[in-house]
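Descriptive structure summary
Residue-level listing of the chains:
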Amino acid sequence: MNKKIYKEPTKQETETTINVIYDMQEFCIYTNKVNLQKQLNKLLGEPTKEYKIKRSITGSMWKIPFSDKVKISRMILKANIFEL
């Protein structure tokens with residue numbers, strides 16, 4: 001398994017977005033926060049898309065269909081998305 005290299009964003013550029021796309025019946029989660037990317041990678045598996053600058057990962061995106069209730073519950077219950 002390759003060791004992934006993440007690029008830490010500046011405090012002002014840190015973002016996490018969760019979009020609910022009803023038409024396509026899926027959740028779309030994007031984050032550039034390194035700790036959350038690693039946590040979601042463990043809980044949800046490999047991201048649908050990784051955004052890179054050279055070899056460093058600057059952000060990750062996961063698409064989770066509504067039918068995948070296991071991943072949705074893992075994301076809500078175990079991932080520290082809301083910084084609580």
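Residues numbered from 1 in each chain as written. Predicted model: local features only at pLDDT ≥ 70, side-chain atom pairs only at ≥ 80, totals over all residues. Heavy atoms only, no water.

**Focus: the overall build of the chain**
Stated precisely, the cut-off is as follows: Runs of H or I in DSSP of at least four residues are treated as helices and runs of E of at least two as strands, each being numbered from the N terminus. Just to be clear, the radius of gyration here is over C-alpha atoms, and the globule rule we use is 2.2 Å times residues to the power 0.38. Each residue's exposure class comes from its accessible area (1.4 Å probe, protein chains only) as a fraction of the maximum for that residue type: buried when under 20%, exposed when over 50%, partly exposed otherwise. What makes two residues a contact is simply this: any of their non-hydrogen atoms within 4.5 Å. Here the open area of atoms and residues is found with the Shrake-Rupley method and a 1.4 Å probe, where only the protein chains shown may cover a residue. The positive count covers Lys and Arg only, the negative count covers Asp and Glu only, and His and the chain ends enter neither. Note on charges: their place is set at NZ of Lys, CZ of Arg, CG of Asp or CD of Glu.
Secondary structure assignment for the chain yields two helices and four strands. Going from the N terminus to the C terminus, the chain shows its helices and strands as β-β-α-β-β-α. Its C-alpha radius of gyration of 13 Å places the chain within 12% of the 12 Å reference for a compact globule of 84 residues. Considering the chain as a whole, with its 84 residues, one finds that 35% of them fall into the buried category. The long-range share in the chain, meaning contacts at least 24 apart out of those at least 6 apart in sequence, stands at 52%. Of the roughly 6100 Å² that the chain leaves accessible, carbon and sulfur atoms contribute 53%. If the 16 positive side-chain charges of the chain are averaged to one point and the 9 negative ones to another, these points end up 7 Å apart.

**A word on the confidence of the model for the chain**
Operational definition: Confidence of the predictor in every single residue is expressed as pLDDT, which spans 0 to 100.
Averaged over every residue, the pLDDT of the chain is 90; residues scoring 70 or more account for 95%. No element of the chain has a lower mean pLDDT than helix α2 (residues 69-78), at 88, and none a higher one than strand β4 (residues 56-65), at 96.

**Side note on the packing of helix α1 (residues 34-44) against α2**
How we decide: Axis lines are fitted to C-alpha atoms, over the contacting stretch for helices. Their N-to-C directions set the angle, which ranges from 0 to 180 degrees. Note on convention: the crossing is left-handed when the near helix lies turned anticlockwise from the far helix by less than a right angle, right-handed when the turn is clockwise. Three classes are used, and their members are as follows: Ala, Val, Leu, Ile, Met, Phe, Trp, Tyr, Cys and Pro are nonpolar, Asp, Glu, Lys and Arg are charged, and the others, Gly among them, are polar.
Between α1 and α2, the least distance of the axes is 10 Å, while the angle of their chain directions is 145°. In this structure, α1 meets α2 at a crossing whose hand is right-handed. Counted together, Q39, L40, L43 and L44 of α1 and K71, R74, M75 and K78 of α2 form the full contact between these two elements. Taken together, the residues of the contact of α1 with α2 sort by class into four nonpolar, one polar and three charged.

**A word on the pattern of salt bridges**
Operational definition: Just to be clear on terms, a salt bridge is a Lys or Arg side-chain nitrogen sitting within 4 Å of an Asp or Glu carboxyl oxygen.
Applying the stated criterion across every chain yields a total of two salt bridges. A salt bridge links E46 to K4; the nearest nitrogen and oxygen atoms lie 2.8 Å apart. Taken together, the positions of E46 in the loop between α1 and β3 (49-53) and K4 in the segment before β1 (16-21) put the pair 42 residues apart, joining distant regions of the chain. E50 is the partner of K4 in a salt bridge, and the nearest nitrogen-oxygen pair spans 2.7 Å. A residue pair is termed long-range when its members are at least 10 positions apart, and K4 in the segment before β1 and E50 in strand β3 qualify at 46 residues. Judged by its relative accessible area of 24%, E50 falls in the partly exposed class. One network of salt bridges, with partners in common, ties together K4, E46 and E50.

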